[in-house]
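Residue-level structure breakdown
What follows is the residue order along each chain.
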Number of protein chains: 2
Amino acid sequence: MPHEPAHPPAGDRPAPQAPDRQPLRVEVLSAVFQVRTIGDDGTPRLCVLLHDVNGARDNDNGGSRATGAPGGPWALPGGDVGPEETLAQSARRHLADDLDVAGLAHLEQLSVFSAPHRIPDTRTIASTYLGLLPSDAETTLPDGAVWAQVDTPDRAASALIYDHGEIIDAARHRLAAKLSYTNIAFALAPERFAMSELSEIYCAAMGYMVDTTNLLRVLSRRAVVVATGTVGKTGRSGGRPPALYRFADSELRVTDEFAALRPPM
Amino acid sequence: MPHEPAHPPAGDRPAPQAPDRQPLRVEVLSAVFQVRTIGDDGTPRLCVLLHDVNGARDNDNGGSRATGAPGGPWALPGGDVGPEETLAQSARRHLADDLDVAGLAHLEQLSVFSAPHRIPDTRTIASTYLGLLPSDAETTLPDGAVWAQVDTPDRAASALIYDHGEIIDAARHRLAAKLSYTNIAFALAPERFAMSELSEIYCAAMGYMVDTTNLLRVLSRRAVVVATGTVGKTGRSGGRPPALYRFADSELRVTDEFAALRPPM
């Protein structure tokens, strides 16, 4: 088909050396979630790992702010990507080195945030990650870092720098979506759990009540959770010790492909 | 909680000016798929849009290769991101300007490819996209661009530059996964279609036979496709004119959230 292209194909793209290329920075940012029991009412809440942008400097100045009450503004953990690491390796390195957080049960790429002026001065493209920590994983955060409740009214956008609030919203949206068609809750739950406990985790992550009986029915039928044959401690409300369950897999999988579309065995 | 961090939090990350930052390039690459009838057997196949890396230069030299038989190596369309555009805008711009391809029915971010030496010399991070074009959308490609069959045996990795073969595999994997739990096929199908036609599209995209009757049952029950009340032309095998269907939505949605987990109305 003889066709004169309006624009010639840019055949030199694979090895470009455009002289006018602007300075560009790539940063890795992670929204790490954990369901934690905070506050006095004992209700588990979805929390996100943040650090005080000014926290570290205060430490250097004699720890005047190291009283456990940093004031923000707040930022997601992350930073530059090193010359010999992938973005995922960089995300894990920043979490481990800067915030002493390791042992994520799940880490996946979220969107890339690339609005031209999302950060003043240098054009910076943020490659973002969603990380999940089981509810029973213990962390010891350095000064200036906190687990902040995702839904708290005072998590005003103004308290977070740049577009970090949008990134948290995107991570929360992804998590809620995947809770509905994958087994991703394995990365938020303890290894063994009572169904009432799992129900509280779903509820915290999705933002609305989830019926424990329905949840057990759906997750059992799809073989997402299986009974361990053991029982846990009697809960706050008394009664019989609850049966304990575990997730069948500890890797992400879609739990309900259309039956008609499954590949032949 | 008094805690001396092993590594101080890098409080200057939000406005970094590390002097030793390496030169970094971000490229946008798109794997654009269309189900096309190629070859003599009339079977629809999943095809991907590629361009000949050397094609444009040959055009400049008098069109010696402009015979409709470019030889590769092949690359995915894309290139640098402009100072005032997002990555998605950049992806669409490269497709329109370089390959005269517009009218994508769906474009979504795929993974970021960030292996340190995926391209020699300059560290280049590829932010990749999956684009879908309906099977009845017409394209007029410039010389040096082709629709290549994704599953063809001669689509050897060596015929594609760098990691572009991996990117195509990732795009294909994403598409197959989403076909099984979302309505994403709306972006591959014509506006109205016989179920046998949709079945062929699923089959081409997923790589295995899909039963038309089962497909109709599953997609109807989930209200993914609806009858238009009209009929199409009688097919090759004769018989009654087939009923025509359409997708209920032309935006991506998950078609089977766990019933128990749906938000309250």
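Residues numbered from 1 in each chain as written. Chains lettered and ligands numbered in written order. Predicted model: local features only at pLDDT ≥ 70, side-chain atom pairs only at ≥ 80, totals over all residues. Heavy atoms only, no water.

Looking at an unreviewed UniProt entry, one finds chain A named NUDIX hydrolase, with Gordonia pseudamarae as its source organism.

Quick notes on the overall build of chain A
Across its full length, chain A holds five helices and 10 strands. Going through the 265 residues of chain A one by one, you find that 49% of them count as buried. Accessible surface for chain A amounts to roughly 12,300 Å². Of this, 51% is attributable to carbon and sulfur atoms. (Helix = DSSP H or I, 4+ residues; strand = E, 2+ residues; numbered from the N terminus. Buried < 20%, exposed > 50% of the residue type's maximum accessible area, 1.4 Å probe, protein only. Areas by Shrake-Rupley, 256 points an atom, 1.4 Å probe, with all protein chains shown as cover.)

Considerations on helix α4 (residues 195–206) of chain A
Taking 1.5 Å of rise per residue, the 12 residues of α4 of chain A would be expected to cover 16 Å, and the 16 Å separating its terminal C-alpha atoms lies within 8% of that figure. Along α4 of chain A, the residues classified as buried are Met-195, Leu-198, Ser-199, Ile-201, Tyr-202, Ala-204, Ala-205 and Met-206 of chain A. (Expected span 1.5 Å × (residues − 1).)

Things to note about the sheet that holds strand β8 (residues 193–194) of chain A
All names here are of chain A. If you walk across this open sheet you meet the three strands as β8-β10-β9, and the pairing is antiparallel. Where the open sheet ends on each side, the last strands, each with one partner, are β8 and β9 (225–231). In terms of strand pairing, β9 meets strand β10 (residues 243–247) through four bridges, oriented antiparallel. Within β10, the residue paired with Ala-227 across the bridge is Tyr-245. (Pairing = 2+ DSSP bridges.)

Quick look at the pairing of strand β6 (residues 123–132) of chain A
All names here are of chain A. Extensive coverage of β6 is indicated by the burial of 10 of its 10 residues. Where burial is concerned, the two faces of β6 agree: the one with Arg-123, Ile-125, Ser-127, Tyr-129 and Gly-131 and the one with Thr-124, Ala-126, Thr-128, Leu-130 and Leu-132 are both buried. As paired elements, strand β1 (residues 24–37) and β6 share 10 bridges and run parallel to each other. Residue pairing in the sheet places Leu-24 in a bridge with Arg-123 of β6.

Focus on the sheet that holds strand β8 (residues 193–194) of chain B
Pairing is antiparallel in the open sheet, where three strands are placed in the order β8-β10-β9 (chain B). Pairing within the sheet leaves two strands with one partner each, and these edge strands are β8 and β9 (225–231) of chain B.

Comments concerning the pattern of salt bridges
Residues and elements named next belong to chain A. Counted by the stated rule, this structure contains 20 salt bridges over all chains. Between Arg-118 and Glu-27 there is a salt bridge, and its shortest N-O distance comes to 3.0 Å. Here Glu-27 lies in strand β1 and Arg-118 lies in the loop between β5 (106–113) and β6, a separation of 91 residues in the sequence. Of the two residues, Arg-118 and Glu-27, neither departs from the other in class, the shared state being buried. A salt bridge links Arg-118 to Asp-163, with the shortest nitrogen-to-oxygen separation between them at 2.6 Å. Separated by 45 residues along the polypeptide, Arg-118 in the loop between β5 and β6 and Asp-163 in the loop between β7 (145–149) and α3 (164–181) bring together distant segments of the chain. With relative accessibility at 9%, the residue Arg-118 sits in the buried group. We classify Asp-163 as buried; its relative accessible area is 9%. Because the salt bridges share partners, they merge into one network encompassing Arg-25, Glu-27, Asp-80, Arg-118 and Asp-163. (Salt bridge = Lys/Arg side-chain N within 4 Å of Asp/Glu carboxyl O.)

What about a negative patch on the surface?
Together, Asp-136, Glu-138, Glu-191 and Glu-197 of chain A line one region of the surface with negative charge. As for its position among the elements, Glu-197 of chain A is in helix α4. (Patch = residues over 30% accessible without salt bridge, like charges linked within 9 Å, V, L, I, M, F, W, Y side chains within 5 Å. Lys, Arg positive; Asp, Glu negative; His and termini not counted. Charge placed at Lys NZ, Arg CZ, Asp CG, Glu CD.)

Some words on the packing of helix α3 (residues 164–181) of chain B against helix α4 (residues 195–206) of chain B
Residues and elements named next belong to chain B. Closest axis-to-axis distance for the α3/α4 pair is 9 Å, and the angle between their directions is 140°. Judged by the inter-axis angle, α3 sits oblique to α4. Contacts between α3 and α4 involve Arg-172, Leu-175, Ala-176 and Leu-179 from the first element and Tyr-202, Ala-204, Ala-205 and Met-206 from the second. Residues belonging to the contact of α3 with α4 are distributed by class as follows: seven nonpolar, no polar and one charged. (Axes fitted to C-alpha atoms, helices over the stretch in contact; angles between N-to-C directions. Parallel < 35°, antiparallel > 145°, perpendicular 65-115°, else oblique. Contact = heavy atoms within 4.5 Å. Nonpolar A, V, L, I, M, F, W, Y, C, P; charged D, E, K, R; others polar.)

Topic: unusual backbone geometry
All names here are of chain A. Of note in this structure, Ala-223 is not a glycine but carries a positive phi near 60°. Counting through the fold element by element, Ala-223 comes out in the loop between α5 (212–221) and β9. Of the residues examined, Ala-223 reaches a relative accessible area of 37% and is grouped as partly exposed.

Overview of the environment of Pro-241 of chain A
All names here are of chain A. Position of Pro-241 among the secondary structure elements: in the loop between β9 and β10. Along the chain, Pro-241 and Asp-40 lie 201 residues apart, while their C-alpha atoms are 25 Å from each other. In contact with Pro-241, not counting residues within four places along its chain, are Val-231, Gly-232 and Thr-234.

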